[in-house]
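Here are the chains, one letter per residue:
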Amino acid sequence: VMFEKKYTRREFIRLAAAGLLGLAFRPLFKNWESFAGEDVLRICTQSVSVYSQPDDTSEIRFQRFRDDLVHVYREVISDRSPKYNPRWYRVWGGYIHSAHTYRVTPRLNPVLPHIPESGLLAQITVPYTQAMRKDGRGGWRPVYRLYADSNHWVTGVEEGPDGEPWYKLIDELLEVDYHVPAAHMRAFTSADFAPISPDVPPEKKRILVSIAEQTLTAYEGDQVVLHTEVSTGIPSPKVPGRIPTSTPRGTFHIQVKMPSKHMGDGNLTDDIEAYELPGVPWTGFFEPKTGVAFHGAFWHNNFGRMMSHGCVNMRVHEAQWLYRWTTPVAEMDHWDKKGYGTVVIVD
């Protein structure tokens, strides 16, 4: 690897599309300023079309594929789109609808030399990074690809396969560890967990989720403090022994909060098409028997339409707000917090 090579934006996108971004990031540690402040779209599904106009009836010019990185020229609100999501992005060659993209402003971070024994929560701040796991023979093998705005517990800092500092992460579901470049993660502080409206009595807070409208409304008494679009579960046929994918209706309470949760099938894999979502951020379980929760979603931007396997998907920053606003109150070092918390009404 030539440490001083400078990459153009075109080369950066080509490397990403070829799946070489994890290796390419090492020289980019020193040259990231050429991309600072520039928004990038990550394609979050198998493929999306690039249209000639911000209109899905216009000419399709070509396709972009999962984890391609596409530079954003500007955002466009089109009147020829669904009302719940009229947002398009002007990109090279045309327009991409926002539904199956995730917008990121890549950022590198200072490396922390020491990690507390209790661990430290940190967030991925680059479009994606390749996690690597020691194979027991002194070598390394790829495991998960971790995505921007996912949260992970850091338990140490060590030399990685490229000789640079890498954070050691722990997968709370599988209880295995793996590593990612330390500069790709931002450590959270206590301010990121500071309770919102702690002076409001807990019984005065409630959350209403409307499945018909695909919205979430948070109340303090009769005052609305948050109203936003969400994505609830896509209904599926009832199959004996299989958990339904529709979001259950009724009255619940938040019972378990986890700032980082591995969701999916629970396989250790480097297959980017596998149903594995390590590091789902700001999770608040209100129906824990079937694992239904509020949480941030970093794999789509189609809020206002059913998209999930039963949970209530939220924009990541709004899921963090809800995490801080609800009870039980979770502090920075709480890997999980249990309690009979804020009431949730799903209608």
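Residues numbered from 1 in each chain as written. Predicted model: local features only at pLDDT ≥ 70, side-chain atom pairs only at ≥ 80, totals over all residues. Heavy atoms only, no water.

## Side note on the environment of P288
When you line up the elements, P288 lands in the loop between β21 (276-287) and β22 (292-296). Under the relative-accessibility criterion, P288 is labelled partly exposed at 38%. For the pair formed by P288 and H253, sequence separation is 35 residues and the distance between their alpha carbons is 10.0 Å. (Helix = DSSP H or I, 4+ residues; strand = E, 2+ residues; numbered from the N terminus. Buried < 20%, exposed > 50% of the residue type's maximum accessible area, 1.4 Å probe, protein only.)

## So, the nonpolar core
I207, L216, W282, F286, F294, M314 and V344 are the most contacted members of the largest nonpolar core, which has 48 residues in total. Dropping the residues within four chain positions of it, M314 is found in contact with L216, L226, T228, V230, F294, H295, G296, A297, F303, A319 and L322. Core analysis: the next-biggest nonpolar cluster, separate from the first, contains 17 residues, A122, A131, V143 and L146 among them. (Core = buried A, V, L, I, M, F, W, Y, C linked by side-chain atoms within 4.5 Å. Contact = heavy atoms within 4.5 Å.)

## Quick notes on empty space enclosed by the protein
Under the definition given, this model contains 4 cavities of 30 Å³ or more. Approximately 80 Å³ is the volume attributed to the largest cavity. Around the largest cavity, the lining is made up of 13 residues, and of these H152, I170, D171, S260 and G279 lie nearest the centre. Broken down by secondary-structure element, the contributors of at least two residues to the lining of the largest cavity are β12 (151-159), β13 (165-171), β20 (256-264) and β21. (1 Å grid on protein atoms, 1.4 Å probe; cavity = no way out; pocket = protein on both sides within 12 Å on 5 of 7 lines; lining within 4 Å. Points joined across faces, edges and corners; volume = space filled by probe spheres on them.)

## Thoughts on the sheet that holds β21
Ordered by their spatial adjacency, 5 strands build an open sheet running β23-β22-β21-β20-β24, and the pairing between neighbours is mixed. Each having just a single partner strand, β23 (312-314) and β24 (337-338) make up the two edges of the open sheet. By the bridge criterion, 3 bridges tie β22 to β23 in an arrangement that is parallel. The residue of β23 that forms the bridge with H295 is N313. Against the sheet, helix α3 (residues 316-325) touches β20, β21, β22 and β23, its axis set at about 40 degrees to β21. (Pairing = 2+ DSSP bridges. Axes fitted to C-alpha atoms, helices over the stretch in contact; angles between N-to-C directions.)

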